[in-house]
Structure formats: structure tokens, C-alpha cells
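Spelled out from the first residue to the last, the chains are:
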Amino acid sequence: QVQLVESGGGLVQPGGSLRLSCATSSSIFNTYTMGWYRQAPGKQRDLVAHITSSGRTNYADSMKGRFTISRDNAKSTVNLQMNSLKPEDTAVYYCNSRDGRGNMYWGQGTQVTVSS
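Here goes a summary of the coordinates provided. (Residues numbered from 1 in each chain as written. Predicted model: local features only at pLDDT ≥ 70, side-chain atom pairs only at ≥ 80, totals over all residues. Heavy atoms only, no water.)

### Some thoughts on the overall build of the chain
Selection criterion: Helix and strand assignments come from DSSP, with helices taken as H or I runs of at least 4 residues and strands as E runs of at least 2, each series counted from the N terminus. Throughout this description, buried means an accessible area under 20% of the type-specific maximum (1.4 Å probe, protein chains only), exposed means over 50%, and partly exposed covers the range between. It only takes one pair of heavy atoms within 4.5 Å for two residues to be counted as in contact. A 1.4 Å probe and the Shrake-Rupley method give the accessible areas. Residues count as covered only by the protein chains that appear here. Residues counted as positive are Lys and Arg, residues counted as negative are Asp and Glu, and His and the chain ends are not counted. The atoms used to mark charge sites are NZ of Lys, CZ of Arg, CG of Asp and CD of Glu.
Assigned secondary structure in the chain consists of one helix and eleven strands. The N-to-C order of helical and strand elements in the chain reads β-β-β-α-β-β-β-β-β-β-β-β. With respect to the three principal axes, the spread of C-alpha positions in the chain is 40 × 25 × 25 Å. Of all 116 residues assigned to the chain, the portion counted as buried reaches 44%. The contacts of the chain with a sequence gap of at least 6 include a subset with a gap of at least 24, amounting to 53%. Of the accessible surface of the chain, which amounts to about 6100 Å², a share of 44% is contributed by carbon and sulfur atoms. The positive charge centre, built from 12 side chains, and the negative charge centre, built from 7, are 3 Å apart in the chain.

Following this line, the structure appears as C-alpha cells:
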């Protein structure tokens, strides 16, 4: 069973920063691709960024230069540093893991609200 435990969401003003974290077991963390998706009200769930077990990253175009995904191998945690946040970044952010066969697993989601 894959468990993904998210933390770090909240309310932030435009231009501010937040850091999301997602912890899982070391066996999952060391072999699966880890990532973040987000879903705004009335919209589909979209990729934010992902990072492979070897550290290769991929970002959605609108997040490039503002968001950074990273792995903390000692803590089996994937982090998403979000800077220069905009109101349109408001969404529920979901941690995701994907195994070698393409099976995807989800965290419970954490709310990020960007508002003045």
C-alpha cells in the first residue's frame, strides 16, 4: 500500500512563497517517480512537476522559474518550493507517485490559496 502524506499548504499573499512536502516510505521513494499535481475548482487535475528516482525533473510551462521540485533522500520526502505565487496558483495540490508500470498513487491533497 502506497501512503503519501502531504504538508505545507495554506494562505499566502500574491508574490509570496510556500513549501509543500510529501513523505512516503523509503521503498516507494527510492524507486518511484514522485510529483505534484494541482486542481482548481471546476478544472481538471494538471501536472505541476515531477522528479524521477534518479533526480531528473520536469515542470509544467507555467511553473518554470517559479517552482522547484526536489528530493530529500534522508527523509524520503519530495518538496515543492513555490515562489512568486499568483492568485491563479490557488488550487488543491496533490502529491503523486508513479511506479514503473504507470500505476499512479495520490495523497489526500493540501489547499494552497493565494490572495490578498
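### Quick notes on the state of the cysteines
Short version of the rule: Disulfide assignment relies on a single distance test, namely cysteine sulfur atoms paired within 2.5 Å.
Evaluation of the coordinates by the stated rule reveals one disulfide. A disulfide bridge connects Cys22 with Cys95, and the sulfur atoms are separated by 2.0 Å. One disulfide, between Cys22 and Cys95, carries an S-S torsion of -80 degrees and so falls in the left-handed class. A residue pair is termed long-range when its members are at least 10 positions apart, and Cys22 in strand S3 (residues 18-23) and Cys95 in strand S9 (residues 91-98) qualify at 73 residues. Looking at Cys22, the relative accessible area reads 0%, which means it is buried.

### Observations concerning the packing of aromatic side chains
Threshold: Aromatic contacts are taken between Phe, Tyr and Trp rings whose centres are within 6.5 Å, Trp giving its six-membered ring; a plane angle under 30 degrees counts as stacked, one over 60 as edge-to-face, and the others as tilted. A positively charged side chain is recorded as over a ring if its NZ (Lys) or CZ (Arg) lies within 6 Å of the ring centre. The angle to the ring normal must also be within 35 degrees.
Inspection of the entire model under this criterion finds three aromatic pairs. Here the aromatic cluster, defined as three or more aromatic residues joined through ring pairs, consists of Tyr37, Tyr94 and Trp106. The positively charged end of Arg45 is found above the aromatic ring belonging to Tyr94, 3.6 Å away from the centroid. Sitting over the ring of Phe29, Arg71 keeps its end group 4.0 Å from the ring centre.

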